[in-house]
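For reference, the chains in residue letters:
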Amino acid sequence: MLLILLNWLKQHKAVNLSLVFIYGVSLIFLHDFFVGLSVNSMNSLSLPVYNKVVLAVSICGGLLVLASLLYILYKTNENRSSKLFFLLITSLLIALHYKFLFEMNIEVVHVLEFTLLAVLLFPLTGSFGTAVVFTLPFIFVNEWYQYVVLYPKYIHYFEFNDIVVDLLGCGMAMIFLWIAGAKPKQNIVFYRKPEINFLIAVNLLFVVLLATCLFAFYPEGKCSNTFLVLNQLQNPNLFWQTHVFGAIYHVMKPIEGLVAINILCLFFTFTDYAAHNK
């Protein structure tokens, strides 16, 4: 049914594009509403209990999805090794992120929230890698909106941690489609791929913003025209940070975050090549 729906969206570009825009904008502006629901649940259960409940649901849900995908792989021979490779690597990265880079367990919702956006982008782009990379504008705006507008007194850094797990969720969605039978369009020359050019443009934009001091990595690099300081933690160089709620976790520094974003985008771009490799 999902593949039939995606094929229908592919034939109705205007509807597809509208759904991408509506859902992407909704993710940004409904964020505070869903945070409120999460906070109410946390307050009613207590933080330790809430974290344990979310952990249990995450493990059960993750194992169920993984088992379902492995069963589908068992029933098919096409690209089985490649699909299994990307599935296991992505699953491992999500698990490591969960263990070491989450402030609270409920942040696992990031694996899911941009998943549908990537799925909606796939019929428009016809490419797994492009669908993942083209979620970046929505992801960046979402993190800026939380950092600057919604919670400026609570969030003290631009959350590259969240961006990375968003991309992992999008990549997992593309792997799910691939295993389910979706096929990307025929590969084009690497340097002409839209996601590669878009990724280059994103990197150049960051370089320009940093060079003109519109962005600064840390407060000490701030200028009179600085629009955004990416990390305002008191001790940003500490590998392990202690959250106000007690969690000890790693906060990705701006350079670490940018490198991780590029590596993940390139990693998921190669799913298109693997899908055409017989």
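Summarised in this report is the structure supplied together with it. Along each chain, the written sequence defines residue order, and numbers are assigned to residues from 1. Residues qualify for local features only when their pLDDT is at least 70, as the model is predicted, and side-chain atom pairs are given and counted only at 80 or more; totals for whole chains, interfaces and linings, by contrast, use all residues. To obtain the side-chain values, all non-hydrogen atoms of the structure were included, while hydrogens and water were left out.

1. With respect to helix H4 (residues 47–74)
Numbering goes from the N terminus for both helices and strands, where a helix is a DSSP run of H or I of at least four residues and a strand is a run of E of at least two. One fewer than the residue count of a helix, multiplied by 1.5 Å, yields its expected span. An ideal rise of 1.5 Å per residue puts 40 Å on 28 residues; H4 measures up with 40 Å between its terminal C-alpha atoms. Contact definition: two residues touch when any of their heavy atoms are within 4.5 Å. For H4, the secondary structure elements touched by its buried residues are helix H3 (31–45), helix H5 (80–100) and helix H10 (160–180).

2. So, the packing of aromatic side chains
Side-chain rings of Phe, Tyr and Trp (the six-membered ring for Trp) are treated as a pair once their centres are within 6.5 Å; stacked means planes under 30 degrees apart, edge-to-face means over 60, and tilted covers the remaining angles. Counted under the stated rule, the structure contains 19 aromatic pairs. When the ring of Tyr98 is compared with that of Phe102, the centres are 5.0 Å apart and the planes differ by 50°; the resulting orientation is tilted. The same class applies to Tyr98 as to Phe102, namely buried. Here Phe122 and Phe128 contribute two aromatic rings whose centre-to-centre distance is 5.0 Å and whose plane-to-plane angle is 15°, an arrangement assigned as stacked. The pair Phe122 / Phe128 is uniform in exposure class, with both members buried. Taken together, Phe85, Phe86, Phe122, Phe128, Trp178, Phe267 and Phe268 form an aromatic cluster joined through their ring pairs. For every residue, the accessible area obtained with a 1.4 Å probe (protein chains only) is divided by the maximum for its type, and the residue is called buried under 20%, exposed over 50%, and partly exposed between those limits.

3. Some thoughts on the packing of H10 against helix H12 (residues 254–275)
A pair of packed helices is characterised by two quantities: the angle between their axes and the separation of those axes. Helix axes are fitted to C-alpha atoms over the stretch in contact, other axes to C-alpha atoms as well, and angles between N-to-C directions run from 0 to 180 degrees. Where H10 contacts H12, the axes come no closer than 9 Å and their chain directions differ by 5°. The angle between the axes of H10 and H12 places the two elements in the roughly parallel class. For the pair formed by H10 and H12, the contact residues are Phe160, Ile163, Val164, Leu167, Leu168, Gly171, Ile175 and Trp178 on the first element and Pro254, Gly257, Leu258, Ala260, Ile261, Leu264, Cys265, Phe268, Thr271, Ala274 and Ala275 on the second. Residues belonging to the contact of H10 with H12 are distributed by class as follows: 16 nonpolar, 3 polar and no charged. Angles below 35 degrees are treated as roughly parallel, those above 145 as roughly antiparallel, those between 65 and 115 as roughly perpendicular, and all remaining angles as oblique. Residues are grouped as follows: Ala, Val, Leu, Ile, Met, Phe, Trp, Tyr, Cys and Pro are nonpolar; Asp, Glu, Lys and Arg are charged; all remaining types, including Gly, are polar.

4. Overview of unusual backbone geometry
Even without a glycine there, the phi angle at Asn79 is positive, about 55°. As for its position among the elements, Asn79 is in the loop between H4 and H5.

5. Looking at helix H9 (residues 136–150)
Here H9 spans 20 Å end to end across 15 residues, near enough to the 21 Å set by a 1.5 Å rise per residue. Regarding H9, the residues found buried are Leu136, Phe138, Ile139, Phe140, Asn142, Glu143, Tyr145, Gln146 and Tyr147.

6. Section: the layout of surface pockets
Quantified by volume, the largest pocket comes out at close to 860 Å³. Around the largest pocket sit 29 residues that line it, and Ser58, Gly61, Gly62, Ile94 and Val111 are the ones nearest its centre. Elements with a minimum of two residues in the lining of the largest pocket: H4, H5, helix H6 (110–113), helix H7 (115–125) and H10. No other element matches H4, which puts 13 residues into the lining of the largest pocket. Of the residues contributing to the lining of the largest pocket, the split by class is 23 nonpolar, 6 polar and no charged. By volume, the second largest pocket is sized at about 720 Å³. Using a grid of 1 Å spacing that covers the protein atoms alone, one calls a set of points a cavity when a 1.4 Å probe fits there but cannot get out, and a pocket when the set is open and has protein on both sides within 12 Å along at least five of seven lines; lining residues are those with an atom within 4 Å of a point. Grid points are joined across faces, edges and corners, and a volume is the space filled by probe spheres set on the points.

7. Quick look at the environment of Leu84
Following the sequence through the fold, Leu84 ends up in helix H5. Along the backbone, Leu84 and Leu69 are 15 residues apart, and their C-alpha atoms lie at a distance of 9.1 Å. Once residues lying within four places of it in the same chain are set aside, the contact partners of Leu84 are Leu70 and Leu73.

8. Examining the nonpolar core
Note on soluble globular proteins: their nonpolar side chains tend to be buried together. Residues Leu136, Ile163, Leu167 and Met174 are the most contacted members of the largest nonpolar core, which totals 70 residues. Take this core: its biggest share by element is 14 residues, from H10. Sequence-distant contacts of Ile163, that is, excluding residues within four places in its chain, are made with Leu136, Ile139, Phe140, Glu143, Phe158 and Ile261. What we call a nonpolar core is a set of buried Ala, Val, Leu, Ile, Met, Phe, Trp, Tyr and Cys residues that are connected through their side-chain atoms within 4.5 Å.

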